[in-house]
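Here are the chains, one letter per residue:
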Amino acid sequence: MRSRARRWRCLIALTGLTGLGAASLCQAQDRLLPLAAVRSGLEFAGPDVKAMQADVQANPAQLWLAQGRALWDAPAGAGQRACSSCHGAVTRMQGVALRYPRLQAKTGRLFNLEDQVRHCVAEQQQAPAPTFESDALLALTAVITQASDGLALRSDADPALQPHLQAGAELYQRRQGQLNLACTHCHDRHWGRRFYTDQLSQGQPNGYPLYRLEWQQLGSLERRLRSCYVGIRAEPPDFGAIELRQLSLYLNWRGAGLAVEMPAVRK
Ligand code: HEC
Ligand code: HEC
């Protein structure tokens, strides 16, 4: 009973029915998935996928990582500057991927890593920003994320982020689509159970962008989330939509402590 009461307080806070403000946002005790139970999607994958991810040579995501390393050092745009001209070696990006999504200082917009890279290409290099899901953008975000391989996901305590985190948590609970299901129904309540031919994972974000066999290429977390919307017959938000960034923020809070896996493979 007590935990149910807590959960209600949390959900009431999430739906904005209370005047208590952001301070009442889901606290540790409100976790539907306890931190001690958090597990990477890799643990739910079949032996073939696990082997592919583990084999550094055979892992198909290596193609994008190689492209990303080349792009990092490639002069581009009006001033013919490379990412490395300003940022040095890409290994210096250690820890950076963990800071996203975050608020961009100048505009206050919620930026994910893709947004940041596109911003740097457009503003700093003065070259055309790579489109969402282009090989160039996936390759660059992959190498930047690789610099954080093995580091733990964490949740940023910046109070200015709280409304977005709250919005993400609310989206996570919201029933949607013709199947009238919320993320929580599959990934909090039924993880570990069979879903058609596969095991449902907890829907963790720690491997993205990753190589998915169904896509035959690398894809971003946004692309994966859009697949889940389609899976429940709901209209997916467009690439770049704030909802996907808010969900991603919530997923980092929910999966805090999980190690970043780069390069990762899924079915
Ligand atoms: C009908 C069940 C269902 C619902 C509802 C659902 N998903 Fe998924 N989700 C899946 C399946 C199936 C997969 C692929 C296999 C797996 O990882 O469980 C998946 C995968 C994921 C992954 C990738 C996990 C990994 O390790 O690669 C994330 C992240 C995710 N879902 C988040 C969400 C979010 C956020 C929502 C709500 C917008 C949502 N899902 C709604 C079924 C669902
Ligand atoms: C002319 C210098 C310059 C170039 C070239 C440049 N950047 Fe940046 N970058 C910056 C500055 C300045 C910032 C911080 C302010 C901002 O966000 O614009 C930044 C911030 C970043 C951040 C966030 C770092 C953090 O600590 O959060 C990432 C990631 C990034 N850049 C990636 C890239 C990539 C990828 C490229 C190449 C495609 C690139 N940058 C090219 C100047 C540059």
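Right above here is the structure, for reference.
Just so it is clear, the model here is predicted, and its values are computed rather than measured.

**Student:** Tell me about the coordination of the iron atom of ligand 2, residues and numbers included.
**Tutor:** Around the iron atom of ligand 2, the protein contributes the donor atoms His87 (NE2) and Cys120 (SG), which lie 2.0 to 2.2 Å from the metal centre. Around the iron atom of ligand 2 sit six donor atoms; with metal-centred angles ranging over 86 to 178 degrees, the donor geometry is octahedral. Separated by 33 residues along the polypeptide, His87 in helix H4 (residues 83-87) and Cys120 in helix H5 (residues 113-124) bring together distant segments of the chain. Taking relative accessible area as the criterion, His87 reaches 32% and is therefore assigned partly exposed. Note on Cys120: relative accessible area 23%, which makes it partly exposed.

**Student:** Let's hear about the coordination of the iron atom of ligand 1: which residues, and what values?
**Tutor:** Those protein atoms acting as donors to the iron atom of ligand 1 are His187 (NE2) and Cys228 (SG), and they sit at 2.0 to 2.3 Å. Around the iron atom of ligand 1 sit six donor atoms; with metal-centred angles ranging over 86 to 179 degrees, the donor geometry is octahedral. Pair noted here: His187 is in helix H8 (residues 183-187) and Cys228 is in helix H9 (residues 221-231), with a separation of 41 residues, a long-range link. Given the relative accessible area of 15%, His187 is considered buried.

**Student:** Tell me about the sheet that holds strand E6 (residues 217-219), and name the residues and values.
**Tutor:** Here three strands make up an open sheet; going across it, the order is E6-E5-E7 and the pairing mixed. Across the chains shown, the open sheet's two edge strands, defined by having one partner strand only, are E6 and strand E7 (265-266). Two elements, strand E5 (residues 210-212) and E6, share three bridges in a ladder whose sense is antiparallel. Bridge pairing in E6 places Leu210 opposite Gly219.

**Student:** Summarise the site of ligand 1; cite the residues concerned and give the values.
**Tutor:** The environment of ligand 1 is formed by 22 residues, the closest being Cys183, Cys186, His187, Tyr208 and Cys228. Between ligand 1 and His187, the relevant distance is 2.8 Å, taken from a nitrogen atom to a side-chain nitrogen or oxygen of the residue. Backbone polar atom of Ser201 to an oxygen atom of ligand 1: 2.7 Å apart, as the coordinates give it. Secondary structure elements with two or more residues in the shell around ligand 1: H8 and H9. Its residues assigned to classes, the shell around ligand 1 comprises 14 nonpolar, six polar and two charged.

What counts as what
Residues numbered from 1 in each chain as written. Chains lettered and ligands numbered in written order. Predicted model: local features only at pLDDT ≥ 70, side-chain atom pairs only at ≥ 80, totals over all residues. Heavy atoms only, no water. Donors = N, O, S within 2.8 Å, 3.2 Å for Na, K, Ca; no water. Tetrahedral: all angles 85-135°; square planar, octahedral: opposite > 155°, others 65-115°. Helix = DSSP H or I, 4+ residues; strand = E, 2+ residues; numbered from the N terminus. Buried < 20%, exposed > 50% of the residue type's maximum accessible area, 1.4 Å probe, protein only. Pairing = 2+ DSSP bridges. Near = heavy atom within 4 Å. Polar contact = N/O pair within 3.5 Å; in protein donor to acceptor, adjacent residues only side chain to side chain. Nonpolar A, V, L, I, M, F, W, Y, C, P; charged D, E, K, R; others polar.

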